[in-house]
Amino acid sequence: MNYSGNKNESKIAIIGAGMTGLSVGKELKRKGYKHVTIYEKKDSVGGKVGIFDHENISYDTGAVFFSSSFTELVDEVRRHNIDTVKVEKRFQIAESKGNFNLDEYRSQYYCGRKILISLLSFAKLSVLNSKIRLPGLNNVSPELTLPMNLFLEQNPSLKPMFIPLKSMLVGMGYGFYEETPAIYYLKLLYPYFKGSIKEKLSSIFNLGYSAETYYFQNGYQRFLCEYSKDLDVRFSSNIKKINRNGSDNKICISINESTEYFDCIIIATPLNDALNFLDCSELEIKQFQRVKCYNYYSVQFDADFMSPGETFFYSEINTIDKTGEILLATSYKQNGIITAYLHLPSGKDTSYIEHKLKRLVESKNGTFNKIIHVTPNNYFPHVDWEELNSFFNELESLQGKNATFFASSIMNVETVFECLRYGQYICRKYF
Ligand SMILES: Cc1cc2nc3c(=O)[nH]c(=O)nc-3n(C[C@H](O)[C@H](O)[C@H](O)COP(=O)(O)OP(=O)(O)OC[C@H]3O[C@@H](n4cnc5c(N)ncnc54)[C@H](O)[C@@H]3O)c2cc1C
């Protein structure tokens, strides 16, 4: 259902000022909507893009990296003239036999011919399945909803591309090949392979790492602050109640102690948060309760075992039964402080995290000093593979009902870039 409001008069509210809400706000403004307000419960934009300041340095507590292949994002970064740093060293994959960069690791298992076939198979698959290329997860071809390991068994030619990248994709918090639907990993990798034939050819030999990886000198959140400067964001506005059955077809929003009326709302918070404030229909409640997330911690700690610029993925532990291990550690600042990302079962506290980090550092003959900061996150909203199609098709059928649209990271894959793209997409499709 399309929204057919008057651009000069319609009052539109966006709930949440993470990347998704900001992207929607920007795109509606670009389309000429005059009365767009973004409500954010915290006192800053960003959501899962956050920073923690320590001894005059800002550390990312959520999103860190972006790729040069994320063209829409790179354009915005350039437009706002933000300082970025290129990741100089290649990612390392650590396993029991030692540490390898991606090329060394891959060449242990696959010859050039197999890698070329793998790349061409992926290119063909993404031509045949537009859902790999385009935002959204509705109407996904059933074979792409299978868990990644089953999907690769059915499509062995793709293994040379996806097996070496397993520790990267899993380490970044996207579940496990044994349970995460293949479509998520295919979508994550696709941007690295789009582009000119020349880029494609060069990526054959780098398995996706031809694109350069960057982080923000002063933290990712500073970019979102610049990006959102021309938007009407109301901070410290914790939405407690939204009533869509009021008089005059207006949507009534309770904001702190006051009430405001709107013609249309866009929910850009995680859907489980929306359960707390939206007057949900039975179908909405059923849908929102199906969403699953992982406990994904980012931890800043002081240790002496990595050189600045290094990033490790621990491949030997990327299986479901090993949940609770460290999956990714990166030292991207120049002062030796390291950020680790851990996918942990619920109920683990800081002493457990410290124990894990200490064990890791000592296994690499390093010295562990102390934990500086721990940020728990509800990461990677997704649904089980068996439910993927029914879930997203039903969610799509809710778009526009009661003048309500849904746009959070559940709609696509949990990355800043995909949130930006989905925000643009939903505005172009429905507004
Ligand atoms: C540890 C970690 C590492 C990551 N690393 C990367 C990376 O390297 N690269 C990358 O591209 N992506 C990365 N991501 C993913 C990326 O951060 C997310 O995909 C993206 O930021 C999600 O944006 P969003 O706007 O959909 O949701 P959110 O960021 O969750 O934003 C939702 C907003 O809604 C607000 N809100 C909630 N309830 C209410 C309410 N009742 N009233 C008002 N406001 C409300 C919240 O405060 C929040 O600001 C990482 C994420 C984490 C957690």
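Quantities reported herein were computed from a predicted structural model and do not represent experimental measurements. Counting starts from 1 at the beginning of each chain's written sequence and moves along it residue by residue. Only residues with pLDDT of 70 or above have their local features reported here, since the model is predicted, and side-chain atom pairs are shown and tallied only from 80 upward, although totals for entire chains, interfaces and linings are computed over all residues.

Some points on the site of the ligand
Item 1. Here, nearness is defined through the C-beta atom: a residue counts as near a molecule or strand if that backbone-placed atom lies within 6 Å of it. Neighbouring the ligand are 39 residues; Gly-16, Gly-18, Thr-20, Gly-47 and Ala-63 lie closest to it.
Item 2. Each helix is a run of DSSP H or I of at least 4 residues and each strand a run of E of at least 2, with the numbering of both proceeding from the N terminus. Elements represented by at least two residues in the shell around the ligand include exactly helix 1 (19-31), strand 5 (65-67), strand 15 (292-304), strand 19 (367-382) and helix 16 (416-430).
Item 3. Note that Gly is not counted as nonpolar here; it falls among the polar residues with everything else outside the nonpolar set of Ala, Val, Leu, Ile, Met, Phe, Trp, Tyr, Cys and Pro and the charged set of Asp, Glu, Lys and Arg. A class-by-class count of the residues in the shell around the ligand yields 19 nonpolar, 14 polar and six charged.

Re the sheet that holds strand 1 (residues 11-15)
Item 1. Strand order in the open sheet made by the five strands is 10-2-1-14-20, with parallel pairing throughout. Of all the strands in the sheet, just strand 10 (233-234) and strand 20 (404-406) have a single pairing partner and so form its edges.
Item 2. Sheet topology places strand 1 next to strand 14 (residues 264-267); four bridges connect them, and they run parallel. Bridge pairing links Ile-14 to Ile-266 in strand 14. The pairing criterion is simple: DSSP has to find at least two bridges between the two strands.

Digging into the sheet that holds strand 11 (residues 239-243)
Item 1. One open sheet holds the three strands; their spatial order is 11-12-13, and the pairing between them is antiparallel. Each of the sheet's edge strands pairs with one partner strand only, and the pair in question is strand 11 and strand 13 (258-262). Taken over all neighbouring pairs, the strand axes of this sheet differ in orientation by 20° on average, direction set aside.
Item 2. In this structure, strand 12 (residues 251-255) lies alongside strand 13, joined through five bridges in antiparallel fashion. By the bridge assignment for strand 13, Ile-253 is matched with Glu-260. An axis is simply a line fitted to the C-alpha atoms; with a helix, the fit covers only the stretch in contact. Between two such axes, the angle follows the N-to-C directions and lies from 0 to 180 degrees.

Re helix 14 (residues 350-363)
Item 1. Relative to the 20 Å expected for 14 residues at 1.5 Å per residue, helix 14 spans 20 Å between its end C-alpha atoms, a close match to the ideal helical length.
Item 2. The burial criterion counts other C-beta atoms lying within 10 Å of a residue's C-beta, which is placed from the backbone; the residue is buried at 20 or more, exposed at 12 or fewer, and partly exposed between these limits. Every buried residue of helix 14 is accounted for by Ile-353, Leu-357, Leu-360 and Val-361. Projected onto a plane normal to the axis of helix 14, the buried residues spread over an arc of 95° and lie on a single side. Exposed residues lying more than 90 degrees from the buried face of helix 14 are Ser-351, His-355, Arg-359 and Ser-363.
Item 3. Looking at the buried residues of helix 14, the elements they touch are strand 15, strand 17 (326-330), strand 18 (337-344) and strand 19.
Item 4. Asn-365 lies just past helix 14 and shows a positive phi near 60°. Given a helix with a known number of residues, its expected span is that number minus one, times 1.5 Å. The arc refers to the directions leading from the helix axis to the C-beta atoms. Any two residues are considered in contact once their C-beta atoms, placed from the backbone, lie within 7 Å.

Considerations on the environment of Asn-393
Item 1. You can see Asn-393 is positioned in helix 15 (residues 388-398).
Item 2. Sequence separation between Asn-393 and Leu-137 is 256 residues; the distance between their C-alpha atoms is 8.2 Å.

Observations concerning the nonpolar core
Item 1. Joining buried Ala, Val, Leu, Ile, Met, Phe, Trp, Tyr and Cys residues through C-beta atoms within 7 Å gives a set, and that set is a nonpolar core. Membership of the largest hydrophobic core comes to 121 residues, with the highest contact counts inside it found for Ala-340 and Ala-407.
Item 2. It is helix 9 (residues 182-193) that contributes the most residues to this core, nine residues altogether.
Item 3. Those residues within four positions of Ala-340 in sequence are excluded, and the remaining contacts are Val-299, Phe-301, Ile-326, Leu-328, Ala-329 and Leu-357.

Topic: the domain arrangement of the chain
Item 1. The split of the chain into domains comes from an automatic or database domain assignment. Segmentation of the chain into domains returns domain 1 (11-45 + 228-291 + 383-430), domain 2 (103-211) and domain 3 (294-381).
Item 2. A separation of 31 Å is found between the C-alpha centroids of domain 1 and domain 2.
Item 3. Taken together, the contact pairs 13 residues of domain 1 with 15 residues of domain 2.
Item 4. Tallying contributions element by element places helix 15 first for the side of domain 1 that touches domain 2, with five residues.

Re the pairing of strand 15
Item 1. Bridge count between strand 15 and strand 19: twelve bridges; the pairing is antiparallel. Across the sheet, Asn-295 pairs through a bridge with Asn-378, a residue of strand 19.

Observations concerning the environment of Asn-81
Item 1. Topologically, Asn-81 is positioned in the loop between helix 2 (71-79) and strand 6 (84-86).
Item 2. Overall, the presence of 7 C-beta atoms within 10 Å leaves Asn-81 in the exposed class.
Item 3. Along the primary structure Asn-81 and Gly-25 are separated by 56 residues, whereas in three dimensions their C-alpha atoms are 21 Å apart.

Things to note about helix 1
Item 1. Between its first and last C-alpha, helix 1 extends 18 Å over 13 residues, near the 18 Å set by a 1.5 Å rise per residue.
Item 2. Packed against the buried residues of helix 1 are strand 1, strand 2 (35-39), helix 11 (220-227), strand 14 and helix 16.
Item 3. Looking at the residues trailing helix 1, positive phi occurs at Gly-32, about 100°.

Describing the environment of Ala-407
Item 1. Secondary-structure assignment places Ala-407 in the loop between strand 20 and helix 16.
Item 2. For Ala-407, a count of 27 C-beta atoms within 10 Å gives the class buried.
Item 3. Separated by 138 residues in the primary sequence, Ala-407 and Thr-269 have C-alpha atoms spaced 7.9 Å apart.
Item 4. Ala-407 has contacts with Thr-20, Val-24, Ile-266, Ile-267, Ala-268, Tyr-422, Gly-423 and Ile-426, leaving out every residue within four places of it along the chain.

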